[in-house]
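The primary structure of each chain is shown beneath.
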Amino acid sequence: MAAIKKFERMIIFTLLIMMSLVVLLATIELGWIIIKDIITPPIFLLEINELFEIFGLFMLVLISIELLETIAKTYTNQSANHAKIVMAVAIIAISRKIIILDVENYSGQSLLGIAAIILALSIGYYLIQRKILPTELTRKEDD
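Residues numbered from 1 in each chain as written. Predicted model: local features only at pLDDT ≥ 70, side-chain atom pairs only at ≥ 80, totals over all residues. Heavy atoms only, no water.

**Q** What is the right way to read the overall build of the protein from this model?
**A** When helices and strands are counted, the protein shows five helices and zero strands. Helices and strands appear in the protein in the N-to-C order α-α-α-α-α. The 143 residues of the protein split such that 20% are buried. Pairs at least 24 apart in sequence give 64% of the contacts found in the protein among residues at least 6 apart. Element-wise, carbon and sulfur atoms account for 71% of the exposed surface of the protein, whose accessible area totals about 10400 Å². (Helix = DSSP H or I, 4+ residues; strand = E, 2+ residues; numbered from the N terminus. Buried < 20%, exposed > 50% of the residue type's maximum accessible area, 1.4 Å probe, protein only. Contact = heavy atoms within 4.5 Å. Areas by Shrake-Rupley, 256 points an atom, 1.4 Å probe, with all protein chains shown as cover.)

**Q** Teacher, can you tell me more about the side chain of Ser64 here?
**A** Along the chain, the position of Ser64 falls in helix α2 (residues 48–76). The buried category is assigned to Ser64, whose relative accessible area is 11%. Side-chain polar atoms of Ser64 contact the backbone oxygen of Leu60, separated by 2.8 Å. Those residues in contact with Ser64, other than ones at most four positions away along the chain, are Met19 and Val23. (Polar contact = N/O pair within 3.5 Å; in protein donor to acceptor, adjacent residues only side chain to side chain.)

**Q** Explain unusual backbone geometry here, please?
**A** Residue Pro42 is bonded to the preceding Pro41 through a cis peptide linkage, with omega at -5°. Despite not being glycine, Phe44 shows a phi value in the positive range, around 65°. By the element assignment, Phe44 lies in the loop between α1 (2–39) and α2. Relative accessible area serves as the criterion here: at 64%, Phe44 is assigned to the exposed category.

**Q** What is the right way to read helix α4 (residues 108–129) from this model?
**A** Note that an α-helix has 3.6 residues per turn; residues three or four places apart therefore point the same way. Taking 1.5 Å of rise per residue, the 22 residues of α4 would be expected to cover 32 Å, and the 31 Å separating its terminal C-alpha atoms lies within 8% of that figure. Buried within α4 we find Ile114, Leu121, Gly124 and Ile128. Summarising the axial view, the buried residues of α4 lie within an arc of 95°, below the 170-degree limit, and thus occupy one face. Facing away from the buried surface of α4 by more than 90 degrees, the exposed residues are Gln109, Leu112 and Leu119. (Expected span 1.5 Å × (residues − 1). Arc of directions from axis to C-beta.)

**Q** Just to check I follow, could you spell out the packing of helix α3 (residues 82–99) against α4 for this structure?
**A** Geometrically, a packed helix pair is captured by the angle between its two axes and the distance between the axes. Where α3 meets α4, the closest approach of the two axes is 10 Å, and the angle between their N-to-C directions is 155°. When the interaxial angle is binned, α3 and α4 end up roughly antiparallel. Seen along the crossing, α3 lies across α4 with a hand that is left-handed. Note on element contacts: α4 touches α3 through Ile114, Ile117, Ile118, Ala120, Leu121, Gly124, Tyr125, Ile128 and Gln129, opposite Ala83, Lys84, Met87, Ala88, Ala90, Ile91, Ile94 and Ile98. Across the contact of α3 with α4, the residue classes break down as 14 nonpolar, two polar and one charged. (Axes fitted to C-alpha atoms, helices over the stretch in contact; angles between N-to-C directions. Parallel < 35°, antiparallel > 145°, perpendicular 65-115°, else oblique. Left-handed = near helix turned anticlockwise from the far one by under 90°. Nonpolar A, V, L, I, M, F, W, Y, C, P; charged D, E, K, R; others polar.)

**Q** I tried to follow α1 on my own but got confused; where do I start?
**A** Taking 1.5 Å as the rise per residue, α1 with 38 residues should run 56 Å; its terminal C-alpha atoms sit 55 Å apart, in good agreement. Looking at α1, one finds that the buried residues are Ile12, Leu16, Met19, Val23, Leu30, Ile33 and Asp37.

Structure (structure tokens):
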């Protein structure tokens, strides 16, 4: 069992290094895109599609940082609530999608699907936060 734990820690450490590199490169890419868009005529003016691209990349970097922190905290701390952290990252990811969403390019069904995902994630996070698990829900119904 000790060998498995050592192997697991080695993999986690490797993932942390690779994820850190990806976050660094994404941040550099974001900075390059901002500089390039600012110095391209018309100078200091950004078009809507450029803003969407910048905001999308900005949120991607933030999600990456959150994922990096999640890997570091969750898998090195056995007492961490893994489900809660994964749900929080999922909510952040769907928030990114909403921020850069161009509503005109999606059907009503797609928007309802996104709303359903947000609702499900929010309810799930609330239940995890309150520590209401399915077994506790069935116990409450039996009372």
